[in-house]
Amino acid sequence: MGCSRILAAILLLPLCKGLFTNTAEGGLSVMKFQHQAILDQTGAFVMLWSPLEDEIHIEIQVATTGFIGIGFSPGGGMKGADIVLAWIDDFTGELHVHDRHATGMMIPLIDKQQDITVAGGYQNDTHTVLRFSRPWNTCDDPDDMKLSGDTTRVIWAYSYRDPEGDMDMGIHDQRGTKSIYLREPRFSLPTFSEDVKSIDFLASEVELPGHLDTIYWCQIYRIPGLVTKNHLIGYTPVIQNGNHEQVHHILLYECHLNESSVHYEQWLTAGGRQCLTANMPSSWYYCGHTIVAWAIGSEGELFPEHVGLPLGEAYGGADYFMIQIHYDNPKLKTGVVDSSGLRLYYTDQTREIDGGVIMVGSDVEPTMIIPPRQHWKTIGICPGECTESFPKDGIRIFQGLLHAHLLGRAIAVRHIRNGVELPTVFKDMNYDFNYQQQRVLKEDMVVMPGDTLIVECDYDSTRKAIPTFGGENTDDEMCLVYFTYYPRMELSSCLSVPAVSHIYRSLGVQKVYFEDKVSKMFPALNGNRVIDTNSIKEMDKKFLEDPSGDFQDLDISLELKRIVAKSPKEYENRTLYDMLHDSRTWQDPKVLAELQDLTNYGTHVLSCRRTDHTLLKGAAETARYPDFISFKPIEDDVCSPSHSEVYVPYESKVTDIEGHRTSEGKDTNKKKKGGSPAEGHGSHTSSAAWVTASLYPFFLFCVSVWRTFMY
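Residues numbered from 1 in each chain as written. Predicted model: local features only at pLDDT ≥ 70, side-chain atom pairs only at ≥ 80, totals over all residues. Heavy atoms only, no water.

1. Some remarks on the state of the cysteines
Rule in force here: Any cysteine sulfur atom paired with another within 2.5 Å is treated as part of a disulfide. Helix and strand definitions here come from DSSP, where helices need a minimum of 4 consecutive H or I residues and strands a minimum of 2 consecutive E residues; each element is numbered from the N-terminal end. For the exposure calls, accessible area comes from a 1.4 Å probe over protein chains only, and a residue counts as buried if that area is under 20% of its type's maximum, exposed if over 50%, partly exposed in between.
This model, assessed by the stated rule, comprises five disulfides. Note that Cys218 is cross-linked by a disulfide to Cys275, the S-S spacing being 2.2 Å. Measuring handedness by torsion sign, the sulfur bridge of Cys218 and Cys275 sits at about 80 degrees and is right-handed. Residue Cys218 is located in strand β14 (residues 214-222), and its partner Cys275 is located in the loop between β17 (273-274) and β18 (289-295); the two are separated by 57 residues in the primary sequence. The exposure class assigned to Cys275 is buried, which follows from its relative accessible area of 0%. Between the sulfur atoms of Cys386 and its disulfide partner Cys608 the distance amounts to 1.6 Å. Note on the Cys386 and Cys608 pair: the S-S dihedral is about 50 degrees, so by sign convention the disulfide is right-handed. One end of the pair, Cys386, is in helix α3 (residues 384-387); the other, Cys608, is in strand β39 (residues 603-610), and 222 residues separate them in sequence. Grouping residues by exposure puts Cys386 and Cys608 together as buried.

Dropping the structure here:
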């Protein structure tokens, strides 16, 4: 008898195993997702997703047995958000899921058109899991958001309790928002081979001043022990705990001067200095070629397996480097001491080809002006006259960082070849200042000699009462793109800025004093001067002897006070700075229209610089917005009235826990908290709940068999 029971148990174990091993827990089949992100600080809310051509598949795993919600928001808040809200009834095991939208800080409304396909969900003692899919474009405007490769602000929330009904629920217990690129992989650091080394370039306990909201801090570094060629293959940020709010961005520059050791070795033990001011040593101005560009929200960067950035002067790189950290302290906090920086990964097992970084867009000058209370566009041009210096087979861009400040809403790079615009590769029409992760391309973007690149930035200043200028402060603006590419070339940056004459003439000023000097103020064309290394040594010696220096403000817009109107009479002796800060200036729509037109499509002053920060020889000094045939993308997601294979909770048939089919989405055989699904336009009844109920006797039998086997 005992042997018979054991034999029966052995035969039945494979059938019972599925009830004890959750390889397909809650009725969900095992699915390998392409991407994963932890949305909160504690790991309680995990999102997994796979972007397909026409739709996106999403699973959320949340540490709660109450309701869970995930949504897509235009600005990171509730208003206008497209939300999926779900819970599993603690009494019945029913899975309730709705496609909803929020009109404000209130319970999200159930969409009339349900555009999600529910794969299933389950709940255990600690977590609730939901899996669903939806089209990128549901055509349910305005209730749903069209999802794309732009920055997506994902909002999330959960409660520790189930709702009382579909529209009867308490406020969430936890919530948050996180910006994500849905179509691109999240950054993850691999396990490196033994040949890969790392070194930290960290600031030396910088104490932020309590009277300035922005400072830039610079320091000189060297990678010791480089006796052969090495390649930089990636980096990650090292942000000191508690200082994430203050560290805005970090750049790493190569330093290039003849006899570099004479100029830079002395600074390795001297600590850092405030940069971009009179406190900055002269030799540091020749640390101008960017090789790392990290900004807030980024987790780091790794280069493709065949590309590395060369290290060492003898091998096409540099021996000395300068780190620049932008500290943002808008609350003027005191006592903040920081030692943040970068961790660099490099190897002597060199890659196939040398790569580099080129910066394109608008030069950081105060002639980049965004008037108050406007939706505004700025443009930076990298014309064919600069790209003619590219290698004959062009360069291949594999990733890029789009950069603006607080007013930035969209950034796009237009690519022109032979008078025809090519498809746009780099763009973000939902730019988030707090999420500046590199955009990694699936296929390289090839830029040939003679091509033109135009960086266009859109801004929203509707909440500002004063103009905003190009500048270094967080409250100033930028419009830049850092491209990482191969093969490495001499050109380091390709920037432009509107001619200053366009600014004052759009305001009605005909002439200014010292017009010839004024025309050369922006950008400061000091890169074509002869480098006097002896003078640099003497000036640096003074900095070493007297390292003291008070922190200075970085408001470069004050330079506009040096431009004084000469005519007509009504503007005589008024500074350009004062005119731009006069609210009456911006009340004239003609002034606004002419300023927008001239600064974008008028003459731009160029700045094409080499890796040593000097101007490219023979390059043009000015450029204008080119004429070209614009690219018209094919609309591949045109909305149609039909929607197939979507989950519609109320109209669809549902299955109750006893396995009975109901005719109108109503449960006639059971009682549960919150009433019937019909009271809130219905709910999805989980197939997992039905399976659990139907197989319950079999489950008990399996337990009996297991006990027999064990005892």
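Structure's up, so let's keep going.
2. What about the sheet that holds strand β1 (residues 35-38)?
What holds strands together in a sheet is hydrogen bonding between their backbones, with the strands either parallel or antiparallel. Worth spelling out the cut-off: Any two strands are treated as partners once DSSP identifies two or more bridges connecting them. Note on method: axes are straight lines fitted to C-alpha atoms, helices fitted across the in-contact stretch only, with angles between N-to-C directions ranging 0 to 180 degrees.
With antiparallel pairing, five strands are arranged side by side in an open sheet as β1-β2-β3-β9-β8. Two strands close off the open sheet at either side, each with one partner strand: β1 and β8 (117-123). Pairs of neighbouring strands in the sheet enclose a mean axial angle of 15 degrees, with direction left out of account. Where β8 lies against strand β9 (residues 128-135), six bridges are found, and the strand directions are antiparallel. Paired with Gly120 across the two strands is Arg131, which belongs to β9.

3. Remarks on the packing of aromatic side chains
Each pair of aromatic rings is reported with the distance of its centres and the angle of its planes. So the rule is basically this: Between rings of Phe, Tyr and Trp, where Trp is taken as its six-membered ring, a pair exists when centres lie within 6.5 Å; planes separated by under 30 degrees are stacked, by over 60 edge-to-face, and by other angles tilted.
By the definition in use, this model includes 16 aromatic pairs. With a centroid separation of 6.3 Å and 40 degrees between ring planes, the pair formed by Phe201 and Phe321 is classed as tilted. A residue pair is termed long-range when its members are at least 10 positions apart, and Phe201 in strand β12 (residues 196-202) and Phe321 in strand β21 (residues 320-328) qualify at 120 residues. You can call Phe321 buried: its relative accessible area is 2%. Aromatic side chains Tyr264 and Tyr320 sit 6.0 Å apart centroid to centroid with 35 degrees between the ring planes, which places their arrangement in the tilted category. Of this pair, Tyr264 sits in helix α2 (residues 260-264) while Tyr320 sits in strand β21, and the two are 56 residues apart along the sequence. Each of the two residues, Tyr264 as well as Tyr320, counts as buried.

4. A word on the environment of His403
To keep it simple, the criterion reads: We define a polar contact as two N or O atoms separated by no more than 3.5 Å, with the added condition that, inside protein, one atom must be a possible hydrogen donor and the other a possible acceptor, whereas residues neighbouring each other in sequence contribute only through side-chain atom pairs.
Summarising the element assignment, His403 is placed in strand β28 (residues 395-403). Polar side-chain contacts of His403 include one of 3.5 Å to the side chain of His405. A polar contact is formed between the side chain of His403 and the side chain of Gln436, at a distance of 2.6 Å.

5. Considerations on the nonpolar core
Inclusion rule: Residues belong to a common nonpolar core when they are buried Ala, Val, Leu, Ile, Met, Phe, Trp, Tyr or Cys residues joined through side-chain atoms within 4.5 Å. Residue contacts follow a heavy-atom distance rule, with two residues in contact if any of their heavy atoms lie within 4.5 Å.
Judged by nonpolar contacts, the single largest core of 63 residues is most densely connected at Phe201, Leu252, Tyr264, Met322, Tyr327, Leu342 and Leu344. Leave out the neighbours within four places in its chain, and Tyr327 touches Ala203, Val206, Leu208, Asp213, Thr214, Ile215, Trp217, Gln246, Val247 and Asp338. The next biggest cluster of nonpolar side chains, apart from the first, holds 59 residues, and it includes Phe483, Tyr504, Ala565 and Val591.

6. What about the pattern of salt bridges?
Rule in force here: Salt bridge, as used here: a side-chain nitrogen of Lys or Arg that lies within 4 Å of a carboxyl oxygen of Asp or Glu.
For the structure on display, the rule yields 24 salt bridges. In this structure, Arg131 engages Glu59 in a salt bridge whose closest nitrogen and oxygen atoms are separated by 2.7 Å. Of this pair, Arg131 sits in strand β9 while Glu59 sits in strand β3 (residues 55-62), and the two are 72 residues apart along the sequence. On the basis of relative accessibility, which here comes to 9%, the residue Arg131 falls in the buried class. Since its relative accessible area comes to 6%, Glu59 is described here as buried. Shared partners join several salt bridges into a network, and the residues in it are Lys377, Arg414, Glu421, Glu456 and Asp458.

7. Comments concerning the sheet that holds strand β7 (residues 109-110)
Read from one edge of the open sheet, six strands run β7-β6-β5-β4-β10-β11, paired in antiparallel fashion. Each edge of the open sheet carries a strand with a single partner, namely β7 and β11 (174-181). Across eight bridges, strand β10 (residues 151-158) lies against β11 in antiparallel orientation. From the neighbouring strand, Tyr158 faces β11, where its bridge partner is Gln174.

8. Notes on helix α6 (residues 533-545)
To keep things clear, this is the line we draw: Given the number of residues in a helix, its expected span is that number minus one, multiplied by 1.5 Å. To obtain the arc, one takes the directions from the helix axis to the C-beta atoms.
Spanning 13 residues, α6 covers 18 Å between terminal C-alpha atoms, matching the ideal 18 Å at 1.5 Å per step. All buried positions along α6 are accounted for by Ile536, Asp540 and Phe543. For α6, the buried positions fall inside an angular range of 50 degrees around the axis, keeping them on one side. More than 90 degrees from the buried face of α6, the exposed residues found are Asn534, Glu538, Lys542 and Glu545.

9. Topic: the environment of Thr269
By secondary structure assignment, the location of Thr269 is in the loop between α2 and β17. Along the backbone, Thr269 and Tyr221 are 48 residues apart, and their C-alpha atoms lie at a distance of 9.0 Å.

10. Digging into the side chain of Arg488
The residue Arg488 is located in the loop between β35 (480-486) and β36 (491-498) in this model. In terms of polar contacts, Arg488 uses its side chain to reach the side chain of Glu254, at 2.8 Å. At a separation of 3.0 Å, a polar atom in the side chain of Arg488 contacts the main-chain carbonyl oxygen of Gly316. Those residues in contact with Arg488 that sit more than four places away from it in its chain are Glu254, His256, His289, Pro310, Gly316, Gly317, Asp354, Gly355, Gly356 and Thr611.

11. Thoughts on helix α8 (residues 589-601)
For α8, with 13 residues, the first-to-last C-alpha span of 18 Å sits near the 18 Å given by 1.5 Å per residue. Listed as buried for α8 are Val591, Leu592, Leu595, Gln596, Thr599 and Asn600. Along the axis of α8, the buried residues cluster in a sector spanning 135 degrees; they form a single face. Elements in contact with the buried residues of α8: β27 (375-382), β36, α4 (500-506) and β39.

12. Structural notes on the pairing of β35
Burial within β35 is extensive, with seven of its seven residues counted as buried. A two-sided burial pattern is seen for β35, the buried positions comprising Leu480, Tyr482, Thr484 and Tyr486 on one face and Val481, Phe483 and Tyr485 on the other. In this structure, strand β25 (residues 356-362) lies alongside β35, joined through six bridges in antiparallel fashion. Counterpart to Gly356 in the pairing with β35 is Tyr485. Here β28 runs beside β35; their pairing, made up of seven bridges, is antiparallel. Bridge pairing in β35 places Gly400 opposite Phe483.

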